[in-house]
Amino acid sequence: MSRLARCTIALVVLSLGACQVGERSSSSDSSSAPSHPAAETVNLTFTYGSEKEEWIKNVTEAFNREDHKTAAGKFVHVEAFPMGSGELIDELLNGGRQADIASPASAAFIKLGNVQSRVKTGKDLIGSTDSLVLSPVVIAMWKPMAEALGWPAKSVGWSDILALARDSRGWAAHGHPEWGPFRFGHTSPESSNSGLISIFAEAYAATGKKAGLTVAEVENPKTAQFIAGIESSVVHYGSSTGFFGKKMFANGPQYLSAAVLYENMVIESYSPNYSMPFPVVAIYPKEGTFWSDHPVGIVNREWVTQEKQQAAKVYIDYLLAKPQQEKAIPYGFRPGSTEVPLAAPIDGAHGVDPREPKTTLEVPAPEVMDAILKIWHANKKHADVALVFDTSGSMKDDHKIENAREGALQLISNLSDDDVFTLLPFSNQPQFAVKHVALSSGRAGVQQSISGLWPSGGTALYDAIDMAYRDQMAATEKDSGKIAAIVVLTDGEDRDSHMSLDDLLKEIQFDNEHHTVRVFTIAYGSDARKDVLKRIADATQAKSYEGTPQNIRTILRDISTFF
Amino acid sequence: MSNVPNQPDGPRATFLGKVVIFAFIIACAYGAYRLFVQGRGKTGGGSPASAAKSLFGGTEAPTAEIGISYGTEKKNWIEWAVKEFANTDNGKRIKINLLPMGSLEGAQALVSGDQRIHVWSPASSLYKDIFVQDWQLKYSKAPIVKEESLALSPMVFVMWDERYQAFKTKYGELNFDTIAKALTEQGGWQAIAGKPEWGLFKFGHTNPNESNSGLMTLVLMAYSKAGKNKNLTPADVLEPKFQQQLTTIEKAVSLSSSTGTMMREMVLKGPSAYDAVFVYENVAIDYLKSAAGRWGDIHVIYPKQNMWNDNPYYVIDATWSNADQRKAAELFLEFMMSEPVQKQALTHGFRPGNPNVPVIFPQSPFVTFQQFGLRNDIGNICEYPKAEVINNLLAAWQRSR
C-alpha cells in the first residue's frame, strides 16, 4: 500500500488511541476471579469498544458464573476490558495486554489493524469476525427541532443539517428565532469513529456525491468553504461520543440542537435517568449513513494457543446465542443474530425507526480519507484556550510540577497553528505569563514560559479562574468564531482568594448568550477538591477530570480533542 | 497450494480429464436429484437419533475426535446435525469439531498440514482437482478415501421485494445486463424508481479468489453474455461486450469473503447494505423468514443459466488421521445422509443429496415459500468451463477491479 495510506492509517489508529482517557479506566468489568484451579481453567482476555460496556458486563458475568467448558473439559473464564476502539487495536499491535479476543466498534478498525499488522508481521491481526450487535450512526435531534425541518414526513439529510449549520439566521430560518443559533456537535475525527464519519458525510454533502469521492473533489476550494461553514456551528469537539450524548441529554437544546451519535444512545435518552424538556429522535440521513457493527474475532497472535482459540470459540458462540442477543436489545442495540427479531425499545416510542437506514455512504479510499482530514484541520473551528496553572508550593511533591509541565507542553503540541493560547500561573495571586498568543508565531515562546514554571506560595484558585474567565469573555466579544475555553489544573484547596466559590459559580454559569466560556478542570493529586472542581466544570457545561502525575499527559491530550 | 487465479495453464489434457471427472460427479448428483424429484423416493420419518440407531445398530463406533472444514453456507444445517449426532450412541463416542472455512481456504489449510481437519466439505467440487493435484505433489498419494454429495443448491439473485418490483417496472427483469445498467444510473434509485432516499443501487457477490460462489458468479455472467449453456471459451471471455459488462459490474460491486456472511449482513443491515446479492439458493431460503421480520420480504430470482453446487463431503487420508478417525468420519457421513438429517437440510434450503427424501411436500420450503419466488425447476444447467476459461475469467476479473 502507499506511504500516504499507511500514514493515514497510522494517524487514525494512533490518534484513536487517545480515546476514553480520563473518563474511565480500562479496568476489567467482569472482575470475578476464576473459581476453579488454574490447571483446569483457560483464562481469556477480551478487549472491546466501550460503547457496549453494560451489555458485555452483564453477559460476561453470567458466562463466568455458568462454568462453561471447552471440548477438552476445561473451564473457560473471561476477563473483559472496555476501551476506545483505536486504543484496543493499538494495544494489540504493540503487544500490551495480549488480548485473546477483540471487538472494536466497527469493522473499519479491524481493516485498519490488519493492514498495519500485515506491514509489520505479514499476517492479519484478527481473522474472520461476526457482528456482536449493530447500531447505525444517526443525527440525534430534539423532536420539535426535527419537526421544524419537516421530519418525519420529509426525509432529512446531512445536506439539510449542514445547510442549517451554515445559515447565520440559525433557527429563525425555520420560523423559530427563539431557539437561537443552530448548535451542532460531533466528536473529533482524530479521536472517535463518529467524528470521522461526520466529516466524511460533510465531504459527501459538499460534493453532492454518495460514492466514488476523489481527492481532487475534496481539495476543491468549494468543499473547504462548505466544511468551514458547518464547523463554525460546532460547539466543541471531544474524544467520546458517549460524553456528547450524555451532555446533550442532561443540558437540553440550549447546549446542542443536534449531534452525531449512535442509535443506541438515542434510545438511552429515554431512560428515567434523564429529565429532558423534549424527546430526542434519530434522523437517518437521506443520503446515507454508516453502521457501527461491533465485529468480534479471535486475535491472530502467538499467545493465543489452540486451547485458547477453542475456549474463545465457546465464549463467542455464547455471546451470539439467542439468550445473550436478546439481552442486548434493552441496551438499545440491534442484535447481531438473525434469529432474534427486533423489538422494543428499538421502535418509534424511543425515537428510532427499525426500518431505517435505507442506504449507506461508501467508506472513502485511504488517500481520500487523508485529504478529508487535512481539509478538516484547515477549516475546523479553532480555539482560544487559557491554561490556569497551579504553581503553589505543594506542586513540588511527587514530581507533580514536572509532570504537569510535560502535560501542558503536550496540550500545546496538540493545538493547531490557528489556535490562540493564554497561560495564567497562580499561587498566592494570578499573573498572566502570556496572553492570547497566536500559536502560528508564538508557539516557542509559550513552550518556554511553561518550561519555566516553578512551585512556591499559596492557592488563590477562584481569583485565578475569575481573572481568566473575564479575559476570555472579553476576547470572545471581539472574536466569537473560536471555541473559548479555560483549562484549570490545581492540586489543592483554595486558601488565598478574595472571591468566594458561590460568587465564582454565579459569574461563570453558562447562559448560552454571553457566558459561553467552558471551564475544564483537573483535580490533580489526592489533595485537590474534586467536588468543587466538578461544580465549576458543570456550571460551564464542560468536563472535570481526576489526574495524577502518571496520567496528567494523557488527560491533557484528551482535553485537546475538545478543541 | 496454488491459488486458482495463479494456477499456470499446465498440461491441458490432465486438467481437462479432471474437469470431465468433475462434470461427471455433478451429472451424477444432478441425475440422482432428478430421479428423486420425479417421485422415486419415499419419505422417511423419526428422529435423527433413532434413524442413526437403526442405521448403525450393530456397529460399534470408535472413540474418536474429528474436525470438519466446511463452508459457511452450510453453517445452520451442519451445526444442527452435529448437535443431533451428539445425542446418538455413536455421537457419544465421536466428537465433531466444526471449522468454518471458505472452500479454497479449507483446501489450503489441509495441504499445509492443518491437523485439525479430517474432513473437507466445500460448497462445490469446483476446487477438488486443484486440491488433489497439490496434495499429491506434497504427499505422493490420493487424499480422498470417501466422498459423497451432501446436498445440492443452485445460484439465485436475492433482492428486497419492494425494490425488486420497482426494478422490474424499470428494466423488465433482473439479470446481469440490467444489474450493469442499474449500477451505472446517475442518481441511482432516483433514476431507477424516483426514490432518491434508496441511494445508489448496491449489488453484492463474494470474492472469486476466496469463495466458490464468487467464481460461480463470473462463470454465469459469462454464460449469460455468451447466450449459451456449454462450451464457454476463452474467446467468449475476451469478447469486448462481456469485458465491458464485467468492468461495469465489478467497479461498483460490494465484495464479501463468504456467502453466508454476505447474506447475514444483508438481513442484519437491510437494503442499506445491499439491494441485491447473488448467492446459493439454500442460503437465501435459510434467511427468508428472519429477513421478512426486519425489513420486509425478499424475493428470489433464478438466472436463466444456472449451475449446481454439490456440497461434497471428502474424508481425507491424512497422516494425522488414524483408522478410527476415518471410520468416525464415515459414520458421521452416514448420519448426514440419513433421511431425517436430509429432511432437515430441506428446512435450511438445500435440495437433499439423498434421493429418498422428496423436495415437494406441504411443509417443504419450496411449497411454503413459493410467494418469495422459490421454484423447483431452475432452468438451464450450464456445464463447468475448462480450466483455461476459468483462468481467463479470473484474470479478467483482476483487471476489472
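Residues numbered from 1 in each chain as written. Chains lettered and ligands numbered in written order. Predicted model: local features only at pLDDT ≥ 70, side-chain atom pairs only at ≥ 80, totals over all residues. Heavy atoms only, no water.

J.: Mind showing me how you'd approach unusual backbone geometry here?
T.: What you tend to see is this: most non-glycine residues have negative phi, and most peptide bonds are trans. Residue and element names in this part refer to chain A. Backbone torsion omega between W151 and P152 reads 5°, so that peptide bond is classified as cis. Mapped onto the fold, P152 is located in the loop between α5 (143–148) and α6 (158–166). Of note, the amide linkage connecting A344 to P345 takes the cis form, showing an omega dihedral of 10°. On the secondary structure map, P345 appears in the loop between β11 (334–335) and α14 (366–379). Notably, H436 is not glycine yet its phi reads approximately 45°, a positive angle. Residue placement: H436 occurs in strand β14 (residues 434–438). On the basis of relative accessibility, which here comes to 26%, the residue H436 falls in the partly exposed class. The backbone of Q541 shows a phi angle near 60°, a positive value even though the residue is not glycine. Note on Q541: relative accessible area 8%, which makes it buried. (Helix = DSSP H or I, 4+ residues; strand = E, 2+ residues; numbered from the N terminus. Buried < 20%, exposed > 50% of the residue type's maximum accessible area, 1.4 Å probe, protein only.)

J.: I keep staring at the pairing of strand β8 (residues 280–283) of chain A and nothing clicks. Help me out?
T.: Each regular strand carries side chains that alternate between the two faces of the sheet. Residue and element names in this part refer to chain A. Of the two faces of β8, the one lined by V280 and A282 and the one lined by V281 and I283 are each fully buried. Summarising the sheet, strand β5 (residues 133–142) and β8 pair through 4 bridges and their orientation is antiparallel. Its bridge partner being in β8, W142 is matched across the sheet by V280. (Pairing = 2+ DSSP bridges.)

J.: Help me understand the packing of aromatic side chains in this model?
T.: The geometry of an aromatic ring pair is captured by two quantities: the separation of the ring centres and the angle between the planes. Residues and elements named next belong to chain A. On inspection of all chains with the given rule, the structure shows 32 aromatic pairs over all chains. Seen from their ring centres, Y237 and W376 are 5.3 Å apart, and the 80° between their planes marks the pair as edge-to-face. In this pair, Y237 is assigned in the loop between α9 (221–231) and α10 (241–251) and W376 in helix α14, connecting sequence segments 139 residues apart. On the basis of relative accessibility, which here comes to 0%, the residue Y237 falls in the buried class. One cation-aromatic arrangement involves R97 over F81; the distance from NZ or CZ to the ring centre is 4.3 Å. Stacked on the ring of F432, the Lys or Arg K435 has its end atom at 4.7 Å from the ring centre. (Phe/Tyr/Trp six-rings, centres within 6.5 Å; stacked < 30°, edge-to-face > 60°. Lys NZ or Arg CZ within 6 Å of the ring centre and 35° of its normal.)

J.: Hey, could you run me through α14 of chain A in this one?
T.: Each full turn of the α-helix corresponds to 3.6 residues, which orients residues three or four apart in the same direction. Under the 1.5 Å per step criterion, the end-to-end length of α14 of chain A is 20 Å for 14 residues, consistent within 8% with the ideal 20 Å. Along α14 of chain A, the residues that are buried comprise V368, M369, D370, A371, I372, L373, I375, W376 and N379 of chain A. (Expected span 1.5 Å × (residues − 1).)

J.: Please explain the interface of chain A and chain B as it appears in this structure.
T.: Opposite the 28 residues of chain A that make contact, chain B presents 22 residues. In total, about 2100 Å² of surface goes out of reach between chain A and chain B, with carbon and sulfur atoms giving 52% of it. There are 2 salt bridges connecting chain A and chain B. Here chain A and chain B share 11 residue pairs in polar contact (both at pLDDT 80 or more) between them. Contributing elements (two or more residues each) for the side of chain A that touches chain B: β4 (130–131), α12 (306–320) and β11 of chain A. Ranked by residue count, the leading element in the side of chain A that touches chain B is α12 of chain A, at 3 residues. (Contact = heavy atoms within 4.5 Å. Buried area = accessible area lost by both parts, 1.4 Å probe. Salt bridge = Lys/Arg side-chain N within 4 Å of Asp/Glu carboxyl O. Polar contact = N/O pair within 3.5 Å; in protein donor to acceptor, adjacent residues only side chain to side chain.)

J.: When you look at the side chain of D390 of chain A in this model, what are you seeing that I'm missing?
T.: All names here are of chain A. With respect to the element layout, D390 can be found in strand β12 (residues 383–390). Here D390 sits buried without a salt bridge, and the closest side chain of opposite charge, K400, lies 7.8 Å off (N-O distance). Only 3.1 Å separates the side chain of D390 from the backbone nitrogen of D491, close enough to count as a polar contact. Apart from residues lying up to four places away in sequence, D390 is in contact with M395, I401, F426, T459, L489, T490, D491 and G492. (Lys, Arg positive; Asp, Glu negative; His and termini not counted.)

J.: Help me understand the sheet that holds strand β15 (residues 483–490) of chain A in this model?
T.: Picture the strands of a sheet paired through backbone hydrogen bonds; they go either parallel or antiparallel. All names here are of chain A. Taken in spatial order, the 6 strands of this open sheet run β14-β13-β12-β15-β16-β17, and their pairing is mixed. Lying at the two open borders of the sheet, with one neighbouring strand each, are β14 and β17 (544–547). The mean angle between the axes of side-by-side strands here comes to 15°, regardless of whether they run parallel or antiparallel. On the sheet, helix α17 (residues 461–478) packs against β12, β13 (420–426), β14, β15 and β16 (518–524) and is oriented at approximately 165° with respect to β15. The sheet contacts of helix α20 (residues 552–560) involve β15, β16 and β17, and relative to β16 the element is tilted by about 170°. (Axes fitted to C-alpha atoms, helices over the stretch in contact; angles between N-to-C directions.)

J.: What is the right way to read the nonpolar core from this model?
T.: Soluble globular proteins: nonpolar side chains tend toward being buried together. Ranked by internal contacts, the top residues of the largest apolar core, which has 103 residues, are M141, F421 and F563 of chain A. What F563 of chain A contacts, discounting residues up to four positions off in sequence, is Y237, K380, A383, V385, L415, D419, I483, A485, V487 and F520 of chain A. The next biggest cluster of nonpolar side chains, apart from the first, holds 100 residues, and it includes F167, L268, W320 and V357 of chain B. (Core = buried A, V, L, I, M, F, W, Y, C linked by side-chain atoms within 4.5 Å.)

J.: Would you explain the sheet that holds strand β4 (residues 144–149) of chain B in this entry?
T.: All names here are of chain B. Spatially, β2-β1-β3-β12-β4 is the arrangement adopted by the 5 strands of the open sheet, whose pairing is mixed. This sheet does not close on itself; its edge strands, each paired only once, are β2 (94–100) and β4. Averaged over all pairs of adjacent strands, the angle between strand axes in this sheet comes to 20°, irrespective of strand direction. Across 2 bridges, the pairing between strand β3 (residues 119–121) and strand β12 (residues 312–316) is antiparallel. Each residue of the ladder has a partner; that of V119, found in β12, is V315. With respect to the sheet, helix α3 (residues 75–85) is in contact with β1 (64–70) and β2, its orientation differing from that of β2 by roughly 165°. Together, β3, β4 and β12 form the strand contacts of helix α6 (residues 128–139), whose direction differs from that of β4 by roughly 175°.

J.: Whenever I open this one, the side chain of S257 of chain A confuses me. Can you help?
T.: Structurally, S257 of chain A can be placed in the loop between α10 and β7 (258–262). What S257 of chain A contacts, discounting residues up to four positions off in sequence, is A140, M141, W142, M145, W171, P181, F182, R183 and M248 of chain A.

J.: Honestly, the confidence of the model for chain B in this entry has me stumped. Any pointers?
T.: Regions with low pLDDT carry predicted coordinates that are not meant to be interpreted in detail. Residue and element names in this part refer to chain B. The share of residues in chain B with pLDDT of 70 or more is 85%, and the mean pLDDT across the chain is 85. In the predicted structure, residues 1–46 sits below a pLDDT of 50 and forms 79 contacts with residues beyond four places in sequence or in another chain. Within the model, pLDDT remains below 50 along residues 51–58, and this stretch shows 11 contacts once partners closer than five positions in the same chain are excluded. (pLDDT = per-residue confidence, 0-100.)

J.: Teacher, can you tell me more about the pattern of salt bridges here?
T.: It is possible for side chains bearing opposite charge to pair when their charged atoms get close. Summed over the entire model, instances satisfying the criterion amount to 39 salt bridges over all chains. Among the salt bridges present, the one from K209 of chain A reaches E217 of chain A, with a minimum N-O distance of 3.1 Å. Judged by relative accessible area, which is 25%, K209 of chain A ranks as partly exposed. Between D293 of chain A and K269 of chain B there is a salt bridge, with its nearest N and O atoms 3.1 Å apart.

J.: Help me out: how do you make sense of the packing of helix α7 (residues 193–207) of chain A against α14 of chain A in this one?
T.: When two helices pack together, their arrangement is captured by the angle between the axes and the distance separating the axes. All names here are of chain A. Packing of α7 against α14 leaves a shortest axis separation of 10 Å and a crossing angle of 90°. Judged on the interaxial angle alone, α14 and α7 are roughly perpendicular. Residues L196, I199, F200 and A203 of α7 form the contact with α14, whose own contacting residues are M369, I372, L373 and W376. Considering only residue class, the contact of α7 with α14 consists of 8 nonpolar, no polar and no charged. (Parallel < 35°, antiparallel > 145°, perpendicular 65-115°, else oblique. Nonpolar A, V, L, I, M, F, W, Y, C, P; charged D, E, K, R; others polar.)

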